[in-house]
Amino acid sequence: MRKSNIILIGFMGSGKTTVGKILAKNLHYSFVDSDEEIEKQEQKLIVDIFKEQGETYFRKIEHEMMQKLAQGEKQVIATGGGIIVNKDNISCLKKTGIIIYLKASPNHIYKNVQRDKTRPLLQVENKQKVIADLLAEREGDYLGAADIIISVDGYTPQEIAGQIQENLQRRDSMKEIWVLHGVNLNFLGIREPDIYGDQTLEDINKKICEYGRTKNIQTQFYQSNHEGNLIDQLQKAYYQNVDGIIINPGAFTHYSYGLRDAIASIALPVVEVHLSNIHQRESFRHQSVIAPVCIGQICGFGAMGYLLAIDALNSFIN
Ligand code: DQA
């Protein structure tokens, strides 16, 4: 089962609600506008919540609303423009949905919102400047959160919905590989750089993601310092029928029979990766209890090992 929700993010006035309604109708999904849900719940307009309780209060209830909406399935969710201000909103939504960024220019946005009195952050004299400044501040976060980016300038809402559907179909034909990182790998960049290099886990994941895209593969990342969490992810991968898994279990490699049994149970193709060449290091690292249940092990090539693992899995799956 692939992720079923479709989440539209973007600046106010980029067309999330209008496009979302068309998309939901075309796909036979339900449509939810998170701002409207908040207004219903609080029995107040967003602009009044901002005025009376302040932005911090609004962001708090907005986050609670995201957690609630993430429980549902087959929904097109139009989110508020400031959703990316809280990174936890994105990670919560990403678990159950595909995030689509409707990318609009400041001019396009201005045309759509110039006469709108309901936008709390635009109750100012110089709307154009506020839009340009706020968009510049948020653009990086929208792009970083998005699985799909759609430029909306010059297109009708119907055309934009059509482009989203084409993208989703293309994505459906993509393979899905999960990349699991175990204990202490969140410390890459800090821990023993002479052995593990100076790239952070985020840098490495970004490279894997970009490489995967060139091979028509979607990647999803997970890191935990806790054995049980990694086992839960492996079992989840089974239920979600992913195409393959790349795992660097960190030190769990050498002694976790729990991880080994989880990999053996799910019967999915798994490639074990290590940044360092574990066979050249201390003797306790020479043994992997994981390797016998994987299709192969790649070690000693630094972050490139993950890209080699993508190729290895890809040829194994095809
Ligand atoms: C590692 C090798 C392990 O022995 C070590 O405990 C790690 C990292 C690697 O990627 O080289 O945490 O998995």
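About the cut-offs
Residues numbered from 1 in each chain as written. Predicted model: local features only at pLDDT ≥ 70, side-chain atom pairs only at ≥ 80, totals over all residues. Heavy atoms only, no water. Pairing = 2+ DSSP bridges. Helix = DSSP H or I, 4+ residues; strand = E, 2+ residues; numbered from the N terminus. Axes fitted to C-alpha atoms, helices over the stretch in contact; angles between N-to-C directions. Contact = heavy atoms within 4.5 Å. Buried < 20%, exposed > 50% of the residue type's maximum accessible area, 1.4 Å probe, protein only. Near = heavy atom within 4 Å. Polar contact = N/O pair within 3.5 Å; in protein donor to acceptor, adjacent residues only side chain to side chain. Nonpolar A, V, L, I, M, F, W, Y, C, P; charged D, E, K, R; others polar. Salt bridge = Lys/Arg side-chain N within 4 Å of Asp/Glu carboxyl O. Core = buried A, V, L, I, M, F, W, Y, C linked by side-chain atoms within 4.5 Å. Right-handed = clockwise from strand over helix to strand, strands pointing away.

Some points on the sheet that holds strand β10 (residues 296-299)
Sheet strands pair by backbone hydrogen bonding; their relative direction is either parallel or antiparallel.
Here comes step 1: Sheet architecture is open: five strands sit in the order β7-β6-β8-β9-β10, paired in parallel fashion. Sheet topology places β7 (217-223) and β10 at the edges, where each strand pairs with a single neighbour. Direction aside, the axes of adjacent strands within the sheet are offset by 20° on average.
Here comes step 2: As defined by bridge partners, strand β6 (residues 175-181) adjoins β7 across seven bridges and the pair is classed as parallel. Looking across to β7, one finds that Glu-176 is bridged to Gln-218.
Here comes step 3: Lying over the sheet, helix α9 (residues 201-214) contacts β6 and β7, oriented at roughly 160° with respect to β7.

Things to note about unusual backbone geometry
Here comes step 1: With a phi angle near 25°, Glu-192 is a residue other than glycine that sits in the positive phi range.
Here comes step 2: Along the polypeptide, Glu-192 turns up in the loop between β6 and α8 (193-196).
Here comes step 3: According to the relative accessible area criterion, Glu-192 is partly exposed, its value standing at 38%.
Here comes step 4: One non-glycine residue, Asn-216, lies in positive phi territory at about 65°.
Here comes step 5: Mapped onto the elements of the fold, Asn-216 is located in the loop between α9 and β7.

Concerning the sheet that holds strand β2 (residues 30-33)
Here comes step 1: With respect to topology, five strands assemble into an open sheet ordered β2-β3-β1-β4-β5, the strand pairing being parallel. Each edge of the sheet is formed by a strand with only one pairing partner; in this case those strands are β2 and β5 (148-151). Each adjacent strand pair in this sheet contributes to an overall mean axis angle of 20°, direction not counted.
Here comes step 2: Relative to β5, strand β4 (residues 97-103) runs parallel, the two being bridged by four bridges. Residue Lys-103 lies in a different strand from β5, and its bridge partner there is Ser-151.
Here comes step 3: Packed on one face of the sheet, helix α6 (residues 127-145) meets β1 (5-9), β4 and β5 and runs near 145° to β4.

Thoughts on the site of the ligand
Here comes step 1: Looking at the ligand, the residues that line it are Arg-191, Tyr-196, Asn-248, Gly-250, Ala-251, His-254, His-274, Leu-275, Ser-276, Ile-278 and Arg-285.
Here comes step 2: The side chain of Asn-248 places a nitrogen or oxygen atom 2.8 Å from an oxygen atom of the ligand.
Here comes step 3: Here Arg-285 contributes a side-chain N or O atom positioned 2.9 Å from an oxygen atom of the ligand.
Here comes step 4: Of the residues belonging to the shell around the ligand, the class tally is four nonpolar, five polar and two charged.

Quick look at the pattern of salt bridges
Here comes step 1: Scanning the model with the defined rule gives 14 salt bridges in all.
Here comes step 2: Linking Glu-52 and Lys-44 is a salt bridge whose minimum nitrogen-to-oxygen distance equals 3.0 Å.
Here comes step 3: Here Arg-281 ties to Glu-282 by a salt bridge, and the two come within 3.8 Å at their closest N and O atoms.
Here comes step 4: Residue class for Arg-281 comes out buried when judged on its relative accessible area of 17%.
Here comes step 5: What makes Glu-282 partly exposed here is its relative accessible area of 37%.

Notes on the nonpolar core
Here comes step 1: Ile-9, Phe-11, Ile-100, Leu-102 and Ile-164 are the most contacted members of the largest nonpolar core, which totals 50 residues.
Here comes step 2: Considering every element that reaches this core, the biggest residue donor is helix α3 (residues 46-69), with eight residues.
Here comes step 3: Setting aside residues up to four positions removed in sequence, Ile-164 forms contacts with Leu-8, Val-19, Leu-23, Ile-100, Leu-102 and Ile-150.
Here comes step 4: Core analysis: the second largest hydrophobic core is formed by 20 residues, Val-242, Ile-245, Ala-262 and Ile-290 among them.

Brief notes about the pairing of strand β8 (residues 244-248)
Here comes step 1: The buried count for β8 comes to five of five residues, which makes it a mostly enclosed element.
Here comes step 2: In β8, alternate side chains face the same way, and those of Gly-244, Ile-246 and Asn-248 on one face and Ile-245 and Ile-247 on the other are all buried.
Here comes step 3: Summarising the sheet, β6 and β8 pair through five bridges and their orientation is parallel. Bridge pairing in β8 links Val-179 to Ile-246.
Here comes step 4: Taken together, β8, helix α11 (residues 257-266) and strand β9 (residues 270-274) form a β-α-β motif whose crossover is right-handed.

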